[in-house]
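Examining the three-dimensional arrangement
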Amino acid sequence: MDTTALANLLFPDITKTIGDYETIYPPRDLPEGAVVTRIAPSPTGFVHLGNLYNAIGERLAHQTGGVFYLRIEDTDQKREVEGAVEAVIDAMTFYGVHFDEGATADGETGAYGPYRQRQRKELYQTVAKSLVLRGLAYPCFCTEDDLKAMHEQQEAAKENYGYYGKYALWRDRSIEDIKAELDKGTEWVLRFRSEGDPAHTVEVQDGIRGTLKVQENYTDFVLLKSDGIPTYHFAHVCDDHFMRTTHVIRDESWLATLPIHVQLFDTLGWARPVYCHTATLMKMDGSSKRKLSKRKDPELALSFYREAGFPQEATWLYLLTVLNSNFEEWHLANPDADSRAFTFSLEKMSTSGALFDLEKLDNICREYLSRQSADTVYDGLLAWAKQYDPALAARMKAKSDLYRAAIGVGRGGDKPRKDYGNWRDAAAFLSFYDADTFTITDGCPENADGEMRQAILTAYLDSLSFADTPEEWFAKVKVLTEQLGYAVQPKKYKKNPELYKGSIVDVTNLIRVALTGRQNAPDICEISHVLGEAETRRRLEAYMHA
Ligand code: GLU
């Protein structure tokens, strides 16, 4: 076969060589051991948790003086949605992930671009042409039906699926046959001519998993689709080589096609990057683990966390806990340190399904928020509210003192309150403080209802003094509890319920419902001071007649 003739027939417009691109994209001038890595999402508009998970590469890059960049894998035009690049950048920026180079919303920065694959067609075709020249790639004119028939035959014969051996119909066809099809205008794809042997294994060093032994690829997989656009396999190899990527951090679902990728790197004589296959995110579904699914699990979307308002840093704390087995220990030893101070290591990443647990995330966020100052929490809530609850943002600005004081309740000390782990819950939790959003949600404690409701609240209002210390306040509550026939010690009431109308719990819960609308709320005394005397009295009086 005259491969030069074939190469020129298939790629008449390609005049550059691989060598030209080696000059255009020289090796990066970086310190020894610098990590160059990227995320390479498809612009489908769906930014998922896995994108953030793999953006951990940014930390590796920046820990080592390397480069972190954004490449847009837009080879599948049908799945592309407008604004998707902005969405990725916006989501990453929100979580503090910054790209040193790559695609930007309206263009790109960096010397290794273009960073959108559709703009790199010439480069892929140049590499493809070089493979044709070497007799390592050929056009295939099989139709969908041909491929379907092949698949059925393989199924019936219980043979491995794929385009290889006797099934590789176009592997050894003459240039005349090829020309004839081209003249007819038949669509074609470019296939790799694999010399691999299924009996051979290849070793691959995975940055997370150590040495992997994979079966050599023996199928003639597709390099370029019929529109001249490369498959992921081919594009990623060309891009990661010419963008001088040192580490490819990607989901473990790519392990299946890893043999193809290393075969391409080896054939092209390019140094393989360190592949790092991250464990797929899983969740518990009943008693079994399963992959997070786009269709079933709203929590797979990164926007889920932003909309709910899980604080970014706390989300990272959780993610790092899932990602690096030694993070939790480090965090316990450095509870107030920024998670960026942690040295991330690939070797400490889990290799089997990383279990993602929303409840654990929420707990970490509660813990985190409980340790922040009231001002920090106020600012975080306001920033979230501006985007997701403008009415709340307006109220917070109009009554900033009230909100700051409300957020301050139960803060500080050894056992700060952990009422909320995200801004949406915080908004709901704090709503009772504001007269505009105060509603009674819980019922009146049974033992303190009816005429006793009146009696307790009247006595409480009479005794109430805003000059009292919390101790004085509580002493007065005890007195009225006793005077009205309730047990000061709940234990005593439990033992002899016939002797009392109820216990102090009923009395304080009644006051809580009157003031907050809920039986479960922070310290009454503290709440009252946040509400102020007028509002406190107004609510107590109102509840007498409610
Ligand atoms: N576009 C691929 C994906 O989103 C990128 C995988 C990679 O990082 O190489 O899964």
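Residues numbered from 1 in each chain as written. Predicted model: local features only at pLDDT ≥ 70, side-chain atom pairs only at ≥ 80, totals over all residues. Heavy atoms only, no water.

Some words on the overall build of the protein chain
Summing up its helical and strand segments, the protein chain has 24 helices and 16 strands in all. In summary, the protein chain has a C-alpha radius of gyration of 33 Å against a globular reference of 24 Å for 546 residues, an excess of more than 25%. Dimensions along the principal axes, computed over C-alpha positions, put the protein chain at roughly 105 × 55 × 40 Å. Counting all 546 residues of the protein chain, 52% fall into the buried class. (Helix = DSSP H or I, 4+ residues; strand = E, 2+ residues; numbered from the N terminus. Rg over C-alpha atoms; globule rule 2.2 N^0.38 Å. Buried < 20%, exposed > 50% of the residue type's maximum accessible area, 1.4 Å probe, protein only.)

Details of helix H14 (residues 358-370)
A rise of 1.5 Å per residue sets the reference length of H14, with its 13 residues, at 18 Å; its end C-alpha atoms lie 18 Å apart and thus fit the reference within 8%. All buried positions along H14 are accounted for by Leu 361, Asp 362, Ile 364, Cys 365, Tyr 368, Leu 369 and Ser 370. Considering only its buried residues, H14 is in contact with helix H11 (302-308), helix H12 (312-323), helix H15 (374-388) and helix H18 (423-430). The distance from a side-chain oxygen at the start of H14 to the backbone nitrogen of Glu 359 is 3.0 Å, and the residue carrying that oxygen is Asp 357. (Expected span 1.5 Å × (residues − 1). Contact = heavy atoms within 4.5 Å. Polar contact = N/O pair within 3.5 Å; in protein donor to acceptor, adjacent residues only side chain to side chain.)

Focus on the site of the ligand
The environment of the ligand is formed by Arg 38, Ala 40, Ser 42, Glu 73, Tyr 232, Ile 249, Arg 250 and Trp 254. Compared with its free state, where it exposes 300 Å², the ligand has 79% of that area covered by protein. Grouping the constituent residues of the shell around the ligand by class yields four nonpolar, one polar and three charged. (Near = heavy atom within 4 Å. Areas by Shrake-Rupley, 256 points an atom, 1.4 Å probe, with all protein chains shown as cover. Nonpolar A, V, L, I, M, F, W, Y, C, P; charged D, E, K, R; others polar.)

Concerning the nonpolar core
With 166 residues, the main nonpolar core has Leu 190 and Phe 234 as its most contacted residues. It is H12 that provides the largest number of residues to this core, a total of eight residues. (Core = buried A, V, L, I, M, F, W, Y, C linked by side-chain atoms within 4.5 Å.)

Some remarks on the pattern of salt bridges
Evaluation of the coordinates by the stated rule reveals 39 salt bridges. A salt bridge links Arg 404 to Asp 375; the shortest N-O distance between them is 3.0 Å. Placement of the pair is Arg 404 in helix H17 (residues 400-408) and Asp 375 in helix H15, with a sequence separation of 29 residues. By relative accessible area, Asp 375 is classed as partly exposed at 43%. Arg 453 is the salt-bridge partner of Asp 449, the closest N and O atoms lying 3.1 Å from each other. Among the charged side chains, a network of salt bridges with common partners joins Arg 38, Arg 71, Glu 73, Arg 120, Asp 239 and Asp 240. (Salt bridge = Lys/Arg side-chain N within 4 Å of Asp/Glu carboxyl O.)

Notes on the pairing of strand E11 (residues 274-278)
Within E11, four of the five residues are buried, which leaves the element mostly enclosed by the surrounding structure. By the bridge criterion, five bridges tie strand E10 (residues 247-251) to E11 in an arrangement that is parallel. Opposite Val 248, over in E11, you have Tyr 275 as the bridge partner. (Pairing = 2+ DSSP bridges.)

Comments concerning the layout of surface pockets
Empty space among the atoms can be located by rolling a probe the size of a water molecule over them. As a volume, the largest pocket reaches approximately 910 Å³. His 48, Asn 51, Asp 251, Ser 253 and Trp 254 are, among the 31 residues lining the largest pocket, the residues nearest its centre. Only strand E1 (36-39), helix H3 (49-54) and E10 provide two or more residues apiece to the lining of the largest pocket. Per element, the largest residue contribution to the lining of the largest pocket is four residues, and it comes from H3. Looking at side-chain class alone, the lining of the largest pocket contains twelve nonpolar, eleven polar and eight charged residues. Empty space within the second largest pocket amounts to approximately 300 Å³. Forming the walls of the second largest pocket are 14 residues, and the residues nearest its centre are Cys 142, Glu 144, Leu 147, Val 189 and Ser 226. Broken down by secondary-structure element, the contributors of at least two residues to the lining of the second largest pocket are helix H7 (144-156) and strand E6 (189-192). Of the residues that constitute the lining of the second largest pocket, the class distribution is seven nonpolar, three polar and four charged. (1 Å grid on protein atoms, 1.4 Å probe; cavity = no way out; pocket = protein on both sides within 12 Å on 5 of 7 lines; lining within 4 Å. Points joined across faces, edges and corners; volume = space filled by probe spheres on them.)

Thoughts on the pairing of E10
Within E10, four of the five residues are buried, which leaves the element mostly enclosed by the surrounding structure. A crossover connection joins E10 to the parallel E11 through helix H10 (residues 258-268); in handedness this β-α-β unit is right-handed. (Right-handed = clockwise from strand over helix to strand, strands pointing away.)

Focus: the sheet that holds strand E3 (residues 101-104)
Taken together, the four strands give an open sheet; going across it, the order is E1-E2-E3-E4, and neighbouring strands pair in mixed fashion. In this open sheet, the two strands that pair with only one neighbour each are E1 and strand E4 (107-109). The average angle at which neighbouring strand axes cross in this sheet is 20°, direction not considered. Bridge count for E3 against E4 is three bridges, and the pairing is antiparallel. From the neighbouring strand, Gly 102 faces E4, where its bridge partner is Thr 109. (Axes fitted to C-alpha atoms, helices over the stretch in contact; angles between N-to-C directions.)

Thoughts on H15
Since one α-helical turn is 3.6 residues long, residues separated by three or four positions face the same way. The terminal C-alpha atoms of H15, which comprises 15 residues, lie 20 Å apart, in line with the 21 Å expected from a rise of 1.5 Å per residue. Close packing links the buried residues of H15 with H11, H14, helix H16 (390-398), H17 and H18.

A look at the sheet that holds strand E14 (residues 354-355)
The strand order across the open sheet built from three strands is E13-E12-E14, with neighbouring strands paired in mixed fashion. Edge positions in the sheet fall to strand E13 (288-291) and E14, since each has one partner strand and no second.

With respect to the packing of helix H19 (residues 451-463) against helix H24 (residues 533-544)
Close contact between H19 and H24 brings their axes to 9 Å; oriented N to C, the two are set at 160°. Between H19 and H24, the crossing angle belongs to the class labelled roughly antiparallel. Considering the relative orientation of H19 and H24, their crossing is left-handed. The residues of H24 that touch H19, namely those facing Arg 453, Gln 454, Leu 457, Thr 458, Tyr 460 and Leu 461, are Arg 537, Leu 540, Glu 541, Tyr 543 and Met 544. (Parallel < 35°, antiparallel > 145°, perpendicular 65-115°, else oblique. Left-handed = near helix turned anticlockwise from the far one by under 90°.)

Geometric descriptors of this kind do not, in isolation, establish any biological role.
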